[in-house]
Amino acid sequence: MTQILPTDSEMAIAKAVDLLKQKDVVVFPTDTIYGIGASIASESGIKKIFEVKSRSPDKPLIIYVADFEQLQQVTKEIPESTIESLRKIWPGAMSGIFPKTEIVPSFVTSGKDTVAVRIPNHPLCLELVRQVGHPLAVTSANISGMETQKTAPEVAAQLGERVPLVLDGGPNPEQQPSTLVDFTESPARLLREGAWSFSKLRQAIPDLQPIPES
C-alpha cells in the first residue's frame, strides 16, 4: 500500500532516502510539478519509473543535481560562458541538455549521448539528492498520457499502489514542466517553454534561440 507522509517529517524524509538507496522509487513535490524519482545508481529503480508511468523507453528522464560539482559529474564539455549563464538561472525550473558522462546510464537517456539536467529550486529535492548521495532521475508523477495532479493524494490515487511512498508537500499550483534548453548547440536553443518563459531566460542567455519552426 502506498504511504502518504508529510514533507516536514524527518521520519518521512529518512524513509524516502532509504527507499531510494534500496533501489526503489519515491514521489515528491518539486518546484514545478509532483515528480517520481530514483537514484541514477539504481537500474531497477529507474526502470520502475518507466513501469509505474507506463512510459515509453524512448522518452528520456531529467536528472536532478544538488550543485555545480554534481553537474560536472554527469555532464562534459560545458563552456565557462555557459556555466556563468547557468549560475544566473539555477536553482530554477530550466532543464539544460548537455553531453553526458559515462556515469549516466543509457537507460536514463534512452540511449542518447546527451542528458537533461537541472538544479531544482526546492529544498526537499536538494535534500534528497544530498542524502541519497547520487543525482536523481526524475519525471512527472503521472501515468503517461494522463493529466498531472496538484496534490499528493490525487497523485497517489492516479498511480494506485505502484509506488511505496508519496511525500506530501501540499497543493502544487505551478503545474508546468521545466523549460527545456539545448546547450549542445551554439548558441543555445529553446526546445520547450515551461515554467520559465523565453523572455525570462534571455536575460541570462542573451543569444538564446527560439523554438525551431516545425
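Before reading further, recall that the structure is shown in the block above.
The following paragraphs examine the structure supplied in this document. No experiment lies behind these values; they were computed from the predicted model shown.

Take the overall build of the protein chain next. Within the protein chain, the regular secondary structure consists of 7 helices and 10 strands. Taken over the C-alpha trace, the protein chain has a radius of gyration of 16 Å; the compact-globule value for 214 residues is 17 Å, and the two agree within 12%. The principal-axis extent of the C-alpha atoms belonging to the protein chain is close to 50 × 35 × 30 Å. A burial count over the protein chain gives 53% of its 214 residues as buried. Excluding contacts between residues fewer than 6 apart, the proportion of contacts in the protein chain whose partners are at least 24 apart in sequence is 62%. Only carbon and sulfur atoms are counted for the fraction: they give 48% of the accessible area of the protein chain, which is about 9900 Å². When the 21 positive and 26 negative side-chain charges of the protein chain are each reduced to one mean point, those points stand 2 Å apart.

Omega for the peptide link from Trp90 to Pro91 comes to -5°, which places this bond in the cis form. Structurally, the position occupied by Pro91 is in the loop between α4 (80-89) and β5 (94-99). The phi dihedral of Lys23 falls on the positive side, at around 70°, and the residue is not glycine. A positive phi angle, close to 55°, is found at Ser54, a residue other than glycine. Mapped onto the elements, Ser54 comes out in the loop between α2 (43-53) and β4 (62-64). When its relative accessible area of 47% is taken as the criterion, Ser54 is described as partly exposed.

Its boundaries defined by the atoms lining it, the largest pocket holds a volume of some 640 Å³. If you trace the largest pocket, you find 31 residues lining it, with Arg55, Ile62, Thr139, Ser140 and Arg192 closest to the centre. When residues of the lining of the largest pocket are traced back to their parent elements, those giving at least two are β4, β6 (114-118) and β7 (136-140). The element that contributes the greatest number of residues to the lining of the largest pocket is β6, accounting for 4 residues. Of the residues that constitute the lining of the largest pocket, the class distribution is 12 nonpolar, 13 polar and 6 charged. One number sums up the size of the second largest pocket: a volume of about 200 Å³. Around the second largest pocket, the lining residues are Pro79, Ser81, Thr82, Ser85, Phe183, Glu185, Ser186, Pro187, Ala188, Ile205, Pro206 and Asp207. Residue composition of the lining of the second largest pocket, by class: 6 nonpolar, 4 polar and 2 charged.

Cut-offs and rules
- Residues numbered from 1 in each chain as written.
- Predicted model: local features only at pLDDT ≥ 70, side-chain atom pairs only at ≥ 80, totals over all residues.
- Heavy atoms only, no water.
- Helix = DSSP H or I, 4+ residues; strand = E, 2+ residues; numbered from the N terminus.
- Rg over C-alpha atoms; globule rule 2.2 N^0.38 Å.
- Buried < 20%, exposed > 50% of the residue type's maximum accessible area, 1.4 Å probe, protein only.
- Contact = heavy atoms within 4.5 Å.
- Areas by Shrake-Rupley, 256 points an atom, 1.4 Å probe, with all protein chains shown as cover.
- Lys, Arg positive; Asp, Glu negative; His and termini not counted.
- Charge placed at Lys NZ, Arg CZ, Asp CG, Glu CD.
- 1 Å grid on protein atoms, 1.4 Å probe; cavity = no way out; pocket = protein on both sides within 12 Å on 5 of 7 lines; lining within 4 Å.
- Points joined across faces, edges and corners; volume = space filled by probe spheres on them.
- Nonpolar A, V, L, I, M, F, W, Y, C, P; charged D, E, K, R; others polar.

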